[in-house]
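Descriptive analysis of the structure
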Amino acid sequence: MADPSSYRPKPGQIPDSPGVYKFRDEHRRVIYVGKAKNLRQRLANYFQDLAGLHPRTRTMVTTAASVEWTVVSTEVEALQLEYTWIKEFDPRFNVKYRDDKSYPYLAVTLNEDFPRVQVMRGAKKKGVRYFGPYGHAWAIRETVDLMLRVFPVRTCSAGVFKNAERTGRPCLLGYIGKCSAPCVGRVTPEEHRDLAEDFCDFMAGRTGTYIRRLEKDMMQAAEEMEYERAARLRDDAEALKRAMEKSAVVLADATDADLIAVAEDELEAAVQIFHVRGGRVRGQRGWVTDKVEAVDTAGLVEHALQQLYGEESGDSVPKEVLVPALPEDPEAVSQWLAGRRGSQVSLRIPQRGDKKDLMGTVQRNAQQALGLHKTKRASDLTTRSRALEEIAEALGLDTAPLRVECFDISHLQGDDVVASMVVFEDGLARKSEYRRFQIKGFEGQDDVRSMHEVIGRRFKRYLQEKERTGEWEDTPAPTGPVPAPADGAQAPTGAVPALTGPVAAPTAPVPARADGAPDPAGAVPASQGEPAPGAAAPAPGDTAPVREEPREDDGRPKRFAYPPQLVVVDGGQPQVAAAKRALDELGIDDIAVCGLAKRLEEVWLPDDDDPVVLPRSSEGLYLLQRIRDEAHRFAITYQRAKRAKRIRSSPLDEVSGLGETRKQALIKHFGSVKKLRQATIDQICEVPGIGRRTAESVAAALAAAAPAAPAVNTATGEIIEEDDGGSRT
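Residues numbered from 1 in each chain as written. Predicted model: local features only at pLDDT ≥ 70, side-chain atom pairs only at ≥ 80, totals over all residues. Heavy atoms only, no water.

1. Observations regarding the overall build of the protein chain
- Counting its secondary structure elements, the protein chain contains 19 helices and 22 strands.
- Looking at the 729 residues of the protein chain, the share that counts as buried comes to 48%. (Helix = DSSP H or I, 4+ residues; strand = E, 2+ residues; numbered from the N terminus. Buried < 20%, exposed > 50% of the residue type's maximum accessible area, 1.4 Å probe, protein only.)

2. Things to note about the packing of helix H13 (residues 447–468) against helix H14 (residues 573–585)
- Between H13 and H14, whose axes approach to 8 Å, the crossing angle comes to 35 degrees. In this structure, H13 meets H14 at a crossing whose hand is right-handed. On H14, the residues that touch Asp-447, Val-448, Met-451, His-452, Ile-455, Gly-456 and Phe-459 of H13 are Pro-574, Gln-575, Ala-578, Ala-579, Arg-581, Ala-582, Leu-583 and Glu-585.
- Residues belonging to the contact of H13 with H14 are distributed by class as follows: nine nonpolar, three polar and three charged. (Axes fitted to C-alpha atoms, helices over the stretch in contact; angles between N-to-C directions. Left-handed = near helix turned anticlockwise from the far one by under 90°. Contact = heavy atoms within 4.5 Å. Nonpolar A, V, L, I, M, F, W, Y, C, P; charged D, E, K, R; others polar.)

3. Remarks on the confidence of the model for the protein chain
- Across the protein chain, the average pLDDT comes to 76, with 78% of residues at or above 70.
- No element of the protein chain has a lower mean pLDDT than strand E17 (residues 530–531), which averages 42, and none a higher one than strand E18 (residues 566–570), which averages 92.
- Throughout residues 473–552 the model reports pLDDT below 50, and contacts reaching past four residues in sequence, or to other chains, amount to 149 contacts.
- Low pLDDT, under 50, characterises residues 722–729; the stretch is placed with 29 contacts to residues that sit more than four places away or in other chains. (pLDDT = per-residue confidence, 0-100.)

4. Structural notes on the pairing of E18
- Of all five residues in E18, five are buried, a share of seventy percent or more.
- Covered by surrounding structure in E18 are Leu-566, Val-568 and Asp-570 together with Val-567 and Val-569, the residues of both alternating faces.
- As defined by bridge partners, strand E13 (residues 403–412) adjoins E18 across four bridges and the pair is classed as parallel. Counted as the bridge partner of Val-404 is Leu-566 from E18.
- Handedness of the E18-H14-strand E19 (residues 592–596) crossover: right-handed. (Pairing = 2+ DSSP bridges. Right-handed = clockwise from strand over helix to strand, strands pointing away.)

5. Examining the pairing of strand E8 (residues 257–264)
- Here E8 lies mainly inside the structure; seven of its eight residues are buried.
- With eight bridges connecting them, E8 and strand E9 (residues 268–277) associate as antiparallel partners. By the bridge assignment, Ala-263 is partnered in E9 with Ala-270.
- As consecutive antiparallel partners, E8 and E9 are separated by three residues.
- Relative to strand E11 (residues 320–322), E8 runs parallel, the two sharing three bridges. Residue pairing across strands places Leu-259 opposite Leu-322, the latter belonging to E11.

6. Focus: the packing of helix H3 (residues 75–89) against helix H11 (residues 330–341)
- Packing of H3 against H11 leaves a shortest axis separation of 9 Å and a crossing angle of 70 degrees. By the angle class used here, H3 and H11 are roughly perpendicular. The element H3 and its partner H11 pack so that their crossing is right-handed. Note on element contacts: H11 touches H3 through Ala-332, Val-333, Gln-335, Trp-336 and Arg-340, opposite Glu-75, Val-76, Leu-79 and Gln-80.
- Of the residues assigned to the contact of H3 with H11, the class counts are five nonpolar, two polar and two charged. (Parallel < 35°, antiparallel > 145°, perpendicular 65-115°, else oblique.)

Below, the structure is given as structure tokens:
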């Protein structure tokens, strides 16, 4: 536990301007972000007597090892920068709302030539009109089904649409009158877009115009004795009325507002939002958060506003936002919201009338959501705590292993050998820290040797991070070789804000490299491990992008900077011995190791001839199985993807500068890689976009990759030809 006085800035160093501040821990990881009108006054509150601080604030300042700040011009800039940093660094002591589900939206893809109505989840896309969110996807589909009678907009996928264009036959909805069938030319693109615009207008609340128009047309058809047409118009009007009934009228017509309510206790808080558009409740969503910082209702409201509107713009931000308590600086928040919307936004507490009554309804929803969440979590938290305690007791650990890393090896008959590392913290998967490895030290199948290599590579990176941050003096000297950084390697020197405060510098000496030269800051060997796929800076996702060196002092979690309390390997005694040997070679003796064998689910410890057998009903065994199975899933997914990529590879992939577009142009022009291989350089140059130099590179690559003999299917005796992509089929 750090003493806050050890990193307290000197008197007079902190400016009295608006700004945003960051607390970092001993690993240089950002653990808290805050903003202030007056930085000097706000930061002074953190360095008073610890006994006078809120327990959560006391925990934060004793966990931190340094503080720094950035000065901004206005409080609105401070609000925006605070939101940006919270999204970027994911600080552990900041309130973070967790969506209790991925809410579905009704989306109209106005950015397409033929707009499509569909259900969408996840991040919003530019050029798409969204309505909602809705509690259930089936509620959207019921509404759409009713409205397609009046607004027959396309709902099919791109593949179905193209197939209908090719065959000249519409899908079933086109035959039953619930699609205008633009795919076969029944309506022009302009007419179909008008239908989509009318659909959007109706969903936005402008409902009376369309119903009155339908009723007028119905009466006119009846007067002309076109009774079938009149009946159809009557049914259309009834369908629109039923669609309107699905969202109750709660406020005066044309009212666009979001109502936010908060229910909280000492440990957690639940937020509920009702989206009212055109006087009707068009959507509802909710969040739950742990109160990891000392925050009141006003602070929770401000955090909710940041998360709700931080990435929204235009009409997605309503004209009016009703809250149970105003933020600390309501004027700055209102200006920020107005900047996101592009026009004035009213932020206030409802005092009387329908809006106050509706706020009471939203408040009751928030209280019910918090109660339901606590009921579910109480059982889950108790179970996870008991599981960790059982693991600690069975393995003879001093404390429960709050961070567990599990490693698994995957291959197919010795080919495409890969490994996975999954991380569980407090019994829950931490997918942002999953990692994957390619086995590079040898060829072939040897799980024990592979495990030794992976464990060694992972913890060499850990030691290098400690060396780089000045923590080396507390680490025992390694007994095995630790590779030195490549000569000349240096951490990137990214831009630093012009006005930043002092940062506590490490006092430990930086070790020299093996060649005697001073170790450059941030130097690490390349390709020690590879991040998990599909990751963005923190989602659901999940890892940092691949790069040779972690950026120094950026505050983001480094790839291998944090050690586990327990390493679990998928395997028995040989794999455990290999993992332990790798740690011993690096001089690491404070990390426990165990293995979980699949056959009898036995837990193996280093240097023990007999396994530890946990009861089948043990929560500890169940948690270890979950961790092991997750490592296996992650490894085999990577191995299959790597094998599929190798199988699908084409000789054209080896041509430098030849992208997918020109590659497809070559295949389309010649018909197959086999015919392309037989073409001359002049013939290749005839393909649009292919110059002579590229043609020579293509010819050389195909000549080098020419098969020595045709492949034969041993089951049928047929010669296996190359398909259009150059792979064998």
